[in-house]
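# Examining the three-dimensional arrangement
Each chain, letter by letter, is given below.
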Amino acid sequence: MIRKRKTITITSILIISLLLSGCKTTEIINNKLDFYSSNRSQSSTTIQKSAEELEQKEDSIPKYIQGKNIKYYAFEQLNEKQISLYQDIYSVIEGQSEGMTFDAAEYSPDDIADMFRAVMTDHPELFYTTAYKLIKNYKNEELISMKFEPVYDMNQDIVKEYKQKLATVGGNILGTTQGMSNDYEKIKFFYTYLINNAVYDIKAINSQNIVSALIDKETVCQGYSKAFEYLCQKSGINCTLVTGRANGQAHSWNYVECEGRGYWVDVTWGTSDYSGAVNFENFMITDDEIKKTHEITSELDLKDCNSNQYNYYIQEGLYLEEYDYDTVKSYADQCMKNNDFITFKCKNFEVFSNSYQDLFQNEKIFDILPDIENVEYSLNEDLYVINVYV
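Residues numbered from 1 in each chain as written. Predicted model: local features only at pLDDT ≥ 70, side-chain atom pairs only at ≥ 80, totals over all residues. Heavy atoms only, no water.

The next thing to look at is the packing of aromatic side chains. One pass over the structure, following the stated rule, counts 28 aromatic pairs. Measuring from ring centre to ring centre gives 5.1 Å for Phe127 and Tyr128, while their planes differ by 85°; the resulting arrangement is edge-to-face. Ring geometry for Tyr184 versus Phe283: centroids 6.2 Å apart, planes at 55°, classification tilted. Taken together, the residues span a long stretch of sequence, with Tyr184 in helix α6 (residues 183-197) and Phe283 in strand β10 (residues 283-285) at a distance of 99 residues. In this structure, Tyr184 and Phe283 share a single accessibility class: buried. Members of the aromatic cluster, joined through ring pairs, are Tyr184, Tyr191, Tyr263, Phe280, Phe283, Tyr310, Tyr312 and Tyr313. The cationic tip of Lys364 hangs over the ring face of Tyr325; the distance from NZ or CZ to the ring centre is 5.6 Å. (Phe/Tyr/Trp six-rings, centres within 6.5 Å; stacked < 30°, edge-to-face > 60°. Helix = DSSP H or I, 4+ residues; strand = E, 2+ residues; numbered from the N terminus. Buried < 20%, exposed > 50% of the residue type's maximum accessible area, 1.4 Å probe, protein only. Lys NZ or Arg CZ within 6 Å of the ring centre and 35° of its normal.)

Below, the structure written as structure tokens:
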């Protein structure tokens, strides 16, 4: 008698950890944030390969990436096998297809999870999914194949409508930057635009994607970060989403390159708690500065952020190298022309401490602002920034 082999199909929904609510609360369903970390050494080796091997890799780059003048940071770390899977997953999501089946002898569930995260990190324009199903097919308890099925958050008609709106909004934003002379001005404009036009709201409906920040105008850290990445990419500026923890809670922010140098930008932390004005303390900062408040868990090969050339305070002439009353007064005059608050950054703790002592302990701030009876101020002891709100 011939016995039929049993075939068992098991469906498991994998909710990938792309859901972040920002520094105020944590909504991580799965804490596996470090995509393809097990392949880091392998990927790093790939980058160092010979010119011939690099040319072969160039030939394998998907057509939607070829010819673009920006970096896809997750993609750039991949080996040939990973690139193939990355391309397949991207194609399924981009086309809003039902799914694709993969041979279990070629790929593991972890491989699929890693490349899903890589695709979602590189492509903020894929705003209509944050999760997928993995349907596993077993024969005699051996995993034979897996079907990858994205879980779409909206139907194709709604996606089409949002794409049209994003094209309009994005076009208007990018159009505003056409006359700007350098990338710093564009990056600053994207930063201030998002802060001025989208409010932080933990209850935002599309909070994990660019729609929340650019269309709904209500978002959280993931929405801010993806929208910033999206605008930079559209403008030809290298930028990526970064995940980790800030003040002990799950958070996301951005790494961006300006004139060949790397910087950290946290749009979520750009709204002042006092005046509602744009706060630039965490805009274009260095590794040493970001590490004081943020812990990076994303596994990406990024340039060292060790230059402060394009830090806001240096670019705007608000960087105090040694305390001097007249210099601070000139900063105040400069700030008050365009804002209702004064802000400047000190070179080190000594300058920061001397500034605090003279301005607030000795009340010299009222000499600078003789018509003001009361002032509020905030001190950032990590980044040596002083803000005065009038």
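Past the structure itself, the notes keep going.
The subject of this paragraph is the nonpolar core. The nonpolar side chains of a soluble globular protein tend to be buried, and buried together. Counting 97 residues, the largest nonpolar core has Leu194, Leu214, Phe228 and Val256 as the members making the most contacts within it. The contacts of Leu194, once residues within four sequence positions are left out, are Ala213, Leu214, Tyr224, Ala227, Phe228, Leu231 and Val267. (Core = buried A, V, L, I, M, F, W, Y, C linked by side-chain atoms within 4.5 Å. Contact = heavy atoms within 4.5 Å.)

The next subject is the pattern of salt bridges. It is possible for side chains of opposite charge to pair when their charged atoms get near one another. Counted according to the given criterion, the structure contains eleven salt bridges. Residues Glu257 and Lys71 are paired through a salt bridge, measuring 3.2 Å at the closest nitrogen-oxygen approach. With Glu257 in strand β8 (residues 249-258) and Lys71 in the loop between α2 (51-60) and α3 (80-94), this residue pair connects regions lying 186 residues apart in the sequence. The class of Lys71 is partly exposed, set by a relative accessible area of 24%. Each of Lys71, Glu257 and Lys303 takes part in salt bridges that share partners, so that together they form one network. (Salt bridge = Lys/Arg side-chain N within 4 Å of Asp/Glu carboxyl O.)

Per-chain confidence: the protein chain averages 84 in pLDDT, with 82% of residues scoring 70 or above. Across the protein chain, element-level confidence peaks in strand β12 (residues 319-320) with a mean pLDDT of 98 and bottoms out in helix α1 (residues 40-47) with 26. Across residues 1-17 the pLDDT falls below 50, and counting only partners more than four positions away or on other chains, this stretch makes 41 contacts in the model. Within the model, pLDDT remains below 50 along residues 56-60, and this stretch shows nine contacts once partners closer than five positions in the same chain are excluded. (pLDDT = per-residue confidence, 0-100.)

Once that is clear, we can look at the packing of α6 against helix α8 (residues 221-234). The interhelical angle for the contact between α6 and α8, taken along N-to-C directions, is 145°, at an axis separation of 10 Å. Taken as a pair, α6 and α8 cross one another with a handedness that is right-handed. Residues Ile187, Phe190, Tyr191 and Leu194 of α6 form the contact with α8, whose own contacting residues are Tyr224, Ala227, Phe228, Leu231 and Cys232. (Axes fitted to C-alpha atoms, helices over the stretch in contact; angles between N-to-C directions. Left-handed = near helix turned anticlockwise from the far one by under 90°.)

Moving on: the pairing of strand β4 (residues 142-152). Across four bridges, strand β2 (residues 100-103) lies against β4 in antiparallel orientation. Note that in β4 the partner of Asp103 across the bridge is Ser145. Note that strand β3 (residues 129-139) and β4 share ten bridges and pair antiparallel. Residue pairing for β4: Ala131 is matched across the bridge by Val151. Where β3 folds back on β4, the antiparallel hairpin that results is connected by two residues, among which Asn140 adopts a positive phi of roughly 50°. (Pairing = 2+ DSSP bridges.)

With twelve residues, helix α11 (residues 325-336) extends 16 Å from end C-alpha to end C-alpha; this agrees with the ideal 16 Å at 1.5 Å per step. Within α11 the residues assigned to the buried category are Val328, Tyr331, Ala332 and Cys335. Along α11, the residues classed as buried sweep out an arc of 100° about the axis, all on the same side. Looking at the packing, one finds that the buried side of α11 touches β12, β13 (341-346), α12 (349-361) and α13 (365-368). (Expected span 1.5 Å × (residues − 1). Arc of directions from axis to C-beta.)

Right, let's talk about the side chain of Ser145 for a bit. Considering the arrangement of structural elements, one finds Ser145 in strand β4. Excluding residues within four positions of it along the chain, Ser145 makes contact with Thr101, Phe102, Ala104, Ile135, Lys136 and Asn137.

Further remarks concern unusual backbone geometry. Despite not being glycine, Gln96 shows a phi value in the positive range, around 50°. Mapped onto the elements of the fold, Gln96 is located in the loop between α3 and β2. Gln96 sits in the buried class, given a relative accessible area of 14%. Phi is positive for Glu259, which is not a glycine, with a value near 55°. The residue Glu259 is located in the loop between β8 and β9 (261-265) in this model. Residue Glu259 is classed as partly exposed on the basis of its relative accessible area, which comes to 41%.

Moving on: the sheet that holds strand β15 (residues 385-389). One open sheet holds the four strands; their spatial order is β12-β13-β15-β14, and the pairing between them is mixed. The strands lining the two open edges of the sheet, one partner per strand, are β12 and β14 (376-380). As paired strands, β12 and β13 are joined by two bridges and run parallel to one another. Considered in β13, the bridge of Tyr319 is made with Lys345. Each of β12 and β13 touches α11; the most contacted strand, β13, lies at about 135° to it.

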